[in-house]
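# Tertiary structure, described
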Amino acid sequence: MTPQSLDVFCFFCPFVLVLFIIGLYCVIVTTNLIRALIGIEILIKAVTLLLIVAGYITGHVALAQSLVITLVVIEVVFMVVAVGVVLGAYQHYNSLDAGNLRKLKG
Amino acid sequence: MKLNFVILIALVLFSLWTVMTRSLIRSAIGLALTSAILTIAMFRLNSPIAAVFELSVCAGLISVLFVSTISLTHPETREEAMQHMKDRLTRFWYLPVIVIVAVVILSAMRMNLHFNLPTPDAEKDVQSVMWNLRQLDLFGQIIVLLTGVFGVVILLKEAKKK
């Protein structure tokens, strides 16, 4: 890694970390299922930015882009299934509180 | 480089707004804005194809998904929202302090704003990397997509039975 690349990494890394902490805060603190999904989305955004920056400073932009495309596809599938589960829980309990999921059996 | 700094600050501010706002619909809009700002950052880092994916899928499709989910559920009343916020502040008061301390420590690190971004070497294009080097990824994507489709079908079937 050249000193210039290290400069770029040091420039982007704090923002990636702050974004990650914000997402983690949202996931830990909230009891609302939709808000927890939004927190996971922010965590994924931090990872996306880190992948792109890593690809940029190492010169493997195409590889980083293909990894990000894979990440986006997995993210969408995860979100669709998670939203389905959230709606199922809402129909069952008439509430979006994550604490209700502890009552599930089987 | 200063423009990158402004973009990243906007990214952090929008994501903070997304997390801290009380209304769920505002949170979904904030998430879409965060995705849009991330897209600009990705364009500036020479990743246009991934940026287009991010903009169309994350800022578009996932926002629509969240908004439709929120519209299918009933929103919290103002009193409930205030109660939740109070609970959060009393239970996790130390987390914002950790965020602030982390920001101060990280900003004290070496942050040189006056440098030029190196031009990356011309690599193979994304299509050739995707189809030749990362074939297993494509296989995994197809499996994940099929799993998602089956998951949604099963969920819908269970909802119909009820």
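The structure reproduced in this document is the subject of the present report. (Residues numbered from 1 in each chain as written. Chains lettered and ligands numbered in written order. Predicted model: local features only at pLDDT ≥ 70, side-chain atom pairs only at ≥ 80, totals over all residues. Heavy atoms only, no water.)

## Let's talk about the interface of chain A and chain B
- With 61 residues of chain A at the contact, the number on the chain B side is 79 residues.
- With both sides pooled, the region where chain A packs onto chain B buries about 6800 Å², and carbon together with sulfur makes up 78% of that total.
- At the surface where chain A touches chain B, the tally comes to one salt bridge.
- A salt bridge links Lys45(A) to Glu54(B); its shortest N-O distance comes to 3.2 Å.
- Applying the counting rule to chain A against chain B returns eight residue pairs in polar contact (both at pLDDT 80 or more).
- Elements represented by at least two residues in the side of chain A that touches chain B include exactly helix H1 (3-29), helix H2 (33-58) and helix H3 (61-93) of chain A.
- The element best represented in the side of chain A that touches chain B is H3(A), accounting for 25 residues. (Contact = heavy atoms within 4.5 Å. Buried area = accessible area lost by both parts, 1.4 Å probe. Salt bridge = Lys/Arg side-chain N within 4 Å of Asp/Glu carboxyl O. Polar contact = N/O pair within 3.5 Å; in protein donor to acceptor, adjacent residues only side chain to side chain. Helix = DSSP H or I, 4+ residues; strand = E, 2+ residues; numbered from the N terminus.)

## Points about the packing of aromatic side chains
- Throughout the structure, instances matching the rule amount to four aromatic pairs over all chains.
- When the centroid spacing of 6.2 Å and the interplanar angle of 45 degrees are considered together, the rings of Phe11(A) and Phe5(B) count as tilted. Here Phe11(A) is found in helix H1, whereas its partner Phe5(B) is found in helix H1 (residues 2-20) on a different chain.
- Judged by its relative accessible area of 1%, Phe11(A) falls in the buried class.
- With a centroid separation of 5.8 Å and an interplanar angle of 80 degrees, the aromatic rings of Phe15(A) and Phe5(B) are classed as edge-to-face. Taken as a pair, Phe15(A) in helix H1 and Phe5(B) in helix H1 lie in two separate chains rather than in one. (Phe/Tyr/Trp six-rings, centres within 6.5 Å; stacked < 30°, edge-to-face > 60°. Buried < 20%, exposed > 50% of the residue type's maximum accessible area, 1.4 Å probe, protein only.)

## A closer look at the environment of Ile29(B)
- Mapped onto the elements, Ile29(B) comes out in helix H2 (residues 24-44).
- A sequence separation of 35 residues divides Ile29(B) from Val64(B), and the C-alpha atoms of the two residues are 9.6 Å apart.

## Observations concerning the nonpolar core
- Judged by nonpolar contacts, the single largest core of 53 residues is most densely connected at Ile34(A), Leu49(A) and Phe66(B).
- Of all the elements in the fold, those that place two or more residues in this core are H1, H2 and H3 of chain A together with H1, H2 and helix H3 (48-72) of chain B.
- The contact partners of Phe66(B), leaving out residues within four places of it in the chain, are Ile34(A), Leu37(A), Ile38(A), Glu41(A), Met79(A), Ala28(B) and Leu31(B).
- Formed by six residues, the second largest nonpolar core is a distinct cluster that contains Ala62(A), Val126(B), Val129(B) and Met130(B). (Core = buried A, V, L, I, M, F, W, Y, C linked by side-chain atoms within 4.5 Å.)

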